[in-house]
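Residue-level structure breakdown
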Amino acid sequence: MAAPVAVAKTSGGNAAFHNFNNDFAHITDPNERRRLALAEIDKAPFGWYHVRACVVAGIGFFTDSYDIFAINLVTSMLGIAFFQNSKSKGTIPTNSDTAIKVATSGGTVLGQLGFGYLADVVGRKRMYGLELIIIIFATLAQALSSPSRSISIVGLIIFWRVLMGIGIGGDYPLSSIITSEFATTKWRGAMMNAVFAMQGIGQFTAAMMALIVTAGFKESLMTGSKASTCTGVCQLAVDKMWRIIIGFGAVPGCIALYYRLTIPETPRYTFDVARDVEKAGEDASAYLKGKAEGTPDEIQRVTTMVQSSAALEIPKASFKDFIAHYGQWKNGKILLGTAGSWFFLDVAFYGLGLNNSIILSAIGYSGGSNMYQVFYRTAVGNLILVCAGAIPGYWVSVATIDTLGRKPIQIGGFAMLTILFIVIGFAYNHLSGHALLALYVLAQFFFNFGPNSTTFIVPGECFPTRYRSTSHGFSAASGKVGAIIAQVVFGPLRTRGAKPGATGKDASPWLNHIMEIFALFMLAGLLTSFLIPETKRKTLEELAGEVPGTANYDPVIAGHRQKNFEEVSAEGANADEKKEVGNSIA
C-alpha cells in the first residue's frame, strides 16, 4: 500500500481564525488526521457557528410543527368553505378530516426512510435544503388549491400534504445528524434539543396566526351564528383565513433555505463515507471559522484521496456490512430501543390530542354565539395549552439534557406518563374539567421534558456515521407509524357507542379506555428505553465503538481487525504526544 502523501501548509491564520490545516500538515496517517480534526470539532468552545447551526436546523422544525399543528385549526374552516350544504351543514366529514391529518404522517414516514437512506449514500449536504424546497412548494400549493368538478378539495389537500409530509420527514434525520455531527461534545444534547424545541414555537405561532386572522375578519365572521349559517361574506372570510394560515408556513422556510443549501458537508461524512481526507480537514476548519466550506488544493486532494482512502480503518458502508453490524445484538438492540421507544411514544403523544375538545370546553374556550367567538376561543385555548405544558417541557429539557443525561430523562418521562395515563384512564369519569386540564398539562410537560425530546436526540448520536442517518430515519418512521395508528385506530374507537348529537364527554364514551391503553404503551416505552445507551458527554466515535480503551470499543467496528488491542490503545495514548511534537517541528 502506498504511503499517504504529506499535506502542504497553507498561509493565513491568526488568533481569531486559527489555521487548523497547518496543525495537521505534518501528519501523514489519515486515521490520525481524522482523529485530530474531529477532536477540534468535539472540543471547540460554544460559539456563533453553533448558534447558526441550531437556528438553521431549528427553523426547519419550526416550519414542520407549524404545518402539522395548523391543520388541526384549519379543518373546521374547510368545512365552512367547502361543505356548506344540507347534508354536512358547514362541517367537514369525519373521514375527510382524518384522511387529511393522516396524509401528513403517511408522507412523513416515506420522507424519513427515503431521506435518511439518501443522506448516508449521497451526503448530508446534497440532501439538506431539498426537503425544505418540497415543504415550501407543497405548502404554497395547498394554500392555492380549489376544487373542480373532477376533484374535491379533500383530494387535493391530501395529495399536497403527502408531498409536504415527505419533506417534513426528511427534516427529521437530516437536522438531527447535521446538528449532532457539527456540535461540540459538551453541549451536543442542548444543541439538538434546541432544534427540536422549535416545534413548540411552531405550535404557538400556528395558534397565534389563527388568532390574528380571526381578529382581522371579525366583522365578517360575526354575521354567521354557527357553521351552517356562515355563508356570504362569512364564508368568503373563512376561505381566505385558512389559506393565509396554511400559506404562512412557507415564510420561515424561505428564510432558512439559502443557509441550508450553503452549509458545508459534515467532516464526519467526508472522512468516513466519502473517504476524502483533504476535503474533510478543510471543511472542519471552515466550519469553525464560520465559512461555507473548505477549499483544498484539488491536485493535493485527489492525490491524497487515492493514496489514503484505503488506509482509513473505518469500514466502508455496504449492505453486507449493515446486516453484519446490526446482526450483532449489542448493536441491533440499540436500533430496537430507539425505534421501539419512539413508536410507543407517538401512539400516546398524538392520541392525547383526542382530549383537546374536552379540555378546551373545561376551561371555557369552546363554542360561541357566532363564528368569530368560535374561532377566537379555539385559537386562544390552544395558545394556553401550548404555553402551559408543551413549551416549558421542551426548554426544561434543553436546560438539563447535558447534565441529567438522555436516558434518565427518557425513563423518568415514560414512568411519569405511565402514572398520568393510569390516573386519567381509570379515574376519567370522576375527574372534574379542571382536574383533567391539570393532568393534560402535566402529560404535555413530561412528554417534552421526557421521551418526545430524547427519542429525537439519541438516534442522532449512538450509531456509526455511515449508518447514522438511515438508522435515525428508521427510528423516526417507527414513531410516525405509531402516530398513524393513534389517528386511524384510536380516533374512531373514541366515539364507539356515542349517541347521535352527544357533546362533551358523552361524545367520547370510550376515551377512558383509550387512556388506559396508552398507559400500557407508556410502560412498553419505559421497558424499551433500557436498550438505549447513555450518550451524555461522549464523542460520536466513542458511542460508535471506535475509541480504544473505552467501554464501547469494538475492534471490528473501528476497523482494527489486524491490530491487537494493545497496539491500538498505545496509538490512542500517544496521539496527543504526536500532535505536540509535530507542532513544535512546524
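Heads up: the structure comes first, above all this text.
Position numbers for residues count from 1 along each chain, tracking the sequence in the order it is written. Whole-chain, interface and lining totals are the exception, using all residues; otherwise, since this is a predicted model, local features are given only for residues with pLDDT of at least 70 and side-chain atom pairs are given and counted only at 80 or more. Computation of side-chain values covers all heavy atoms of the structure but excludes hydrogens and water.

1. Some words on the overall build of the protein chain
Going along the chain from the N terminus, every DSSP run of H or I of four or more residues is numbered as a helix, and every run of E of two or more is numbered as a strand. A count of helical and extended segments in the protein chain gives 26 helices and 0 strands. Among the 586 residues that make up the protein chain, the fraction classed as buried is 56%. Contact between two residues is taken to exist if any of their heavy atoms lie within 4.5 Å; hydrogens are not considered. Pairs at least 24 residues apart make up 79% of the contacts formed inside the protein chain by residues separated by at least 6 positions. We call a residue buried when its accessible area falls under 20% of the maximum for its residue type, exposed when it is over 50%, and partly exposed in between, using a 1.4 Å probe and counting protein chains only.

2. Some remarks on the pattern of salt bridges
By salt bridge we mean one thing: a side-chain nitrogen of Lys or Arg within 4 Å of a carboxyl oxygen of Asp or Glu. Within this structure, the stated rule accounts for 14 salt bridges. Here Arg466 and Asp321 are joined by a salt bridge, their closest N and O atoms 2.8 Å apart. Here Arg466 is found in the loop between α21 (451-457) and α22 (468-494), whereas its partner Asp321 is found in helix α15 (residues 319-327), with 145 residues between them in sequence. Neither Arg466 nor Asp321 differs from the other in exposure class; each is buried. Here the residues in one salt-bridge network are Asp120, Arg124, Glu181 and Arg468, joined through shared partners.

3. Concerning the side chain of Thr465
Structurally, the position occupied by Thr465 is in the loop between α21 and α22. Within the local environment of Thr465, its side chain forms a polar contact with the side chain of Asp272, the two groups lying 3.4 Å apart. Leave out the neighbours within four places in its chain, and Thr465 touches Asp120, Arg124, Glu181, Arg268, Tyr269, Asp272 and Glu541. Under this definition, polar contacts are N or O atom pairs within 3.5 Å; protein pairs additionally need one hydrogen-donor-capable and one acceptor-capable atom, and for neighbouring residues in sequence, both atoms have to be side-chain atoms.

4. A few points about the packing of helix α18 (residues 371-404) against helix α19 (residues 406-426)
Lines fitted to the C-alpha atoms define the axes, with helices restricted to the stretch that makes contact. Angles between their N-to-C directions range from 0 to 180 degrees. Two elements in contact, α18 and α19, have axes separated by 7 Å at closest approach and are oriented at 120°. With respect to α19, the element α18 is oriented oblique. Mapping the contact onto sequence places Thr400, Ile401, Asp402 and Leu404 in α18 and Arg406, Pro408 and Ile409 in α19. Residue composition of the contact of α18 with α19, grouped by class: 4 nonpolar, 1 polar and 2 charged. An angle counts as roughly parallel when it lies under 35 degrees, as roughly antiparallel when it exceeds 145, as roughly perpendicular when it falls between 65 and 115, and as oblique in every other case. Side-chain classes are defined by residue name, with Ala, Val, Leu, Ile, Met, Phe, Trp, Tyr, Cys and Pro counting as nonpolar, Asp, Glu, Lys and Arg as charged, and the others, Gly among them, as polar.

5. A closer look at the state of the cysteines
What counts as a disulfide here is a pair of cysteine sulfur atoms lying within 2.5 Å. Scanning the entire structure with this criterion turns up 1 disulfide. Linked covalently through their sulfurs, Cys230 and Cys234 form a disulfide whose S-S length is 1.9 Å. Linking Cys230 and Cys234, the disulfide has an S-S dihedral of approximately -90° and is accordingly described as left-handed. With respect to class, Cys230 is no different from Cys234; both count as buried.

6. Quick word on helix α16 (residues 329-351)
Expected helix span is computed as 1.5 Å times (number of residues minus one). In a regular helix each residue adds 1.5 Å, so 23 residues correspond to 33 Å; α16 covers 32 Å between its end C-alpha atoms and thus fits that length. Across the 23 residues that make up α16, a large majority, 17, are buried.

7. Section: the side chain of Thr75
Looking at the secondary structure, you find Thr75 in helix α3 (residues 48-82). Classification of Thr75 as buried rests on a relative accessible area of 4%. Other than its neighbours up to four places away in sequence, Thr75 contacts Ile92, Asp97 and Lys101.

8. Things to note about the packing of helix α8 (residues 188-216) against helix α10 (residues 233-248)
Interhelical geometry of α8 versus α10 gives an angle of 150° and a closest axis separation of 10 Å. The angle between α8 and α10 places the two elements in the roughly antiparallel class. The element α8 and its partner α10 pack so that their crossing is right-handed. In contact with Thr205, Met209, Ala210, Val213 and Thr214 of α8, α10 contributes Met241, Ile244, Ile245 and Phe248. In the contact of α8 with α10, the residues fall into 7 nonpolar, 2 polar and no charged. When the near helix sits turned anticlockwise from the far one by under a right angle, the crossing is termed left-handed; a clockwise turn instead gives a right-handed crossing.

9. Quick word on the packing of aromatic side chains
Pairing of aromatic rings covers Phe, Tyr and Trp, the last counted by its six-membered ring, and requires centre-to-centre distances within 6.5 Å; plane angles under 30 degrees mean stacked, over 60 mean edge-to-face, and any other angle means tilted. In the structure shown here, the tally under the stated rule is 28 aromatic pairs. Where Phe196 meets Tyr394, the ring centres are 6.0 Å apart and the plane angle is 70°; that geometry is what we call edge-to-face. Residue Phe196 is found in helix α8, and its partner Tyr394 is found in helix α18; the two are separated by 198 residues along the sequence. Among the residues examined, Phe196 registers a relative accessible area of 2% and is labelled buried. With relative accessibility at 0%, the residue Tyr394 sits in the buried group. Centre to centre, the rings of Phe322 and Tyr467 are 5.1 Å apart; their planes meet at 85°, and the pair counts as edge-to-face. In this pair, Phe322 is assigned in helix α15 and Tyr467 in the loop between α21 and α22, connecting sequence segments 145 residues apart. Its relative accessible area of 5% is what places Tyr467 among the buried residues. Through a chain of ring-to-ring contacts, the aromatic side chains of Phe343, Phe344, Phe349, Tyr350, Phe421, Phe447, Phe490, Phe518 and Phe521 assemble into a single cluster. In our convention, an over-ring charge means Lys NZ or Arg CZ found within 6 Å of a ring centre and within 35 degrees of that ring's normal. One residue, Arg537, lies across the ring of Trp187, its end atom 5.2 Å from the ring centre.

10. Re unusual backbone geometry
Note: most peptide bonds trans; most residues except glycine with negative phi. The backbone phi angle of Lys89 is positive, close to 55°, even though this residue is not glycine. Tracing the backbone shows Lys89 in the loop between α3 and α4 (94-121). Even without being glycine, Arg537 reaches a positive phi, approximately 55°.

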